[in-house]
Amino acid sequence: MDLNFLEFIDKIEESISWKPKEEDALKGLLEVIDEELKEYFEIYNGFKSVKTKIAADYSGETKNARVIYSLRNKIVHFNPKKIKIEESGWNKVIRFCLLSTYLLYKKYGEFLRLPDSDQEELTEDL
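Residues numbered from 1 in each chain as written. Predicted model: local features only at pLDDT ≥ 70, side-chain atom pairs only at ≥ 80, totals over all residues. Heavy atoms only, no water.

## Examining the packing of aromatic side chains
Within the structure shown, the criterion is met by two aromatic pairs. Summarising the aromatic geometry, the rings of Tyr44 and Phe96 are spaced 6.4 Å apart at their centres and angled 50 degrees between planes, so their arrangement reads as tilted. Taken together, the positions of Tyr44 in helix 4 (residues 41–50) and Phe96 in helix 6 (residues 87–112) put the pair 52 residues apart, joining distant regions of the chain. Take Phe96: its relative accessible area is 1%, and that puts it in the buried class. Geometrically, the ring pair formed by Phe47 and Phe96 is stacked, given 3.9 Å between the ring centres and 10 degrees between the ring planes. Separated by 49 residues along the polypeptide, Phe47 in helix 4 and Phe96 in helix 6 bring together distant segments of the chain. Take Phe47: its relative accessible area is 0%, and that puts it in the buried class. These aromatic residues form a ring-pair network of at least three members: Tyr44, Phe47 and Phe96. (Phe/Tyr/Trp six-rings, centres within 6.5 Å; stacked < 30°, edge-to-face > 60°. Helix = DSSP H or I, 4+ residues; strand = E, 2+ residues; numbered from the N terminus. Buried < 20%, exposed > 50% of the residue type's maximum accessible area, 1.4 Å probe, protein only.)

## Digging into the packing of helix 4 against helix 6
How two helices pack is summed up by the angle between their axes together with the distance between the axes. Contact geometry of helix 4 with helix 6 gives a least axis separation of 8 Å together with a crossing angle of 130 degrees. By the criterion of interaxial angle, the relationship of helix 4 to helix 6 is oblique. The chirality of how helix 4 crosses helix 6 is left-handed. Seen from helix 4, the contacting residues are Glu42, Ile43, Tyr44, Gly46, Phe47, Ser49 and Val50; seen from helix 6, they are Gly89, Lys92, Val93, Arg95, Phe96 and Leu99. Its residues assigned to classes, the contact of helix 4 with helix 6 comprises seven nonpolar, three polar and three charged. (Axes fitted to C-alpha atoms, helices over the stretch in contact; angles between N-to-C directions. Parallel < 35°, antiparallel > 145°, perpendicular 65-115°, else oblique. Left-handed = near helix turned anticlockwise from the far one by under 90°. Contact = heavy atoms within 4.5 Å. Nonpolar A, V, L, I, M, F, W, Y, C, P; charged D, E, K, R; others polar.)

## Here's the deal with the pattern of salt bridges
Any two side chains of opposite charge can pair if their charged atoms end up close together. Applying the stated criterion across every chain, the model contains four salt bridges. Note that Arg72 is salt-bridged to Glu22, the shortest N-O span being 3.3 Å. In this pair, Arg72 is assigned in helix 5 (residues 64–76) and Glu22 in helix 2 (residues 22–32), connecting sequence segments 50 residues apart. With its nearest N and O atoms 3.0 Å apart, the salt bridge here joins Glu23 to Arg66. Taken together, the positions of Glu23 in helix 2 and Arg66 in helix 5 put the pair 43 residues apart, joining distant regions of the chain. Judged by its relative accessible area of 29%, Arg66 is partly exposed. (Salt bridge = Lys/Arg side-chain N within 4 Å of Asp/Glu carboxyl O.)

## Focus on a negative patch on the surface
On the surface, Asp2, Glu7, Asp10 and Glu14 cluster together into a negatively charged patch. Here Asp2 is to be found in the segment before helix 1 (5–16). Classification of Asp2 as exposed rests on a relative accessible area of 78%. (Patch = residues over 30% accessible without salt bridge, like charges linked within 9 Å, V, L, I, M, F, W, Y side chains within 5 Å. Areas by Shrake-Rupley, 256 points an atom, 1.4 Å probe, with all protein chains shown as cover. Lys, Arg positive; Asp, Glu negative; His and termini not counted. Charge placed at Lys NZ, Arg CZ, Asp CG, Glu CD.)

## Some details on helix 6
Its 26 residues place the ends of helix 6 only 32 Å apart at the C-alpha level, less than the 38 Å of an ideal helix rising 1.5 Å per residue. Of all bends in helix 6, the biggest is about 60 degrees, found at Lys106. All of the buried residues in helix 6 are Gly89, Val93, Phe96, Leu99, Ser100, Leu103, Leu104 and Gly109. Against the buried residues of helix 6 lie helix 2, helix 3 (34–39), helix 4 and helix 5. (Expected span 1.5 Å × (residues − 1). Bend = angle between axes of the 7 residues up to and from the residue.)

Encoded structure:
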């Protein structure tokens, strides 16, 4: 096949209408970088300190993906009364998400790059 990853995903969606289960996909991504996340103990522990305020079903075994997906659902479905996070807690969540994104791009960035011609078009539009 002569397709990049993003083109491949588009073709799959077009032909079989398959969509990933978001929470499962997030779980898979975070499991890939779990050990690297723990190396950034200040950010990781900061996120752990606000988990109980995000996921109603929180326990010590609650996966990070479950917590992030729970928060996503509360935001997307506009359920603000169920979000009990103070500003400093939001900073911890955001730092965790940014670190996760950084580590995932560090690991998979070369597979997610647009072809150079598409990259140039995007740059020109900016």
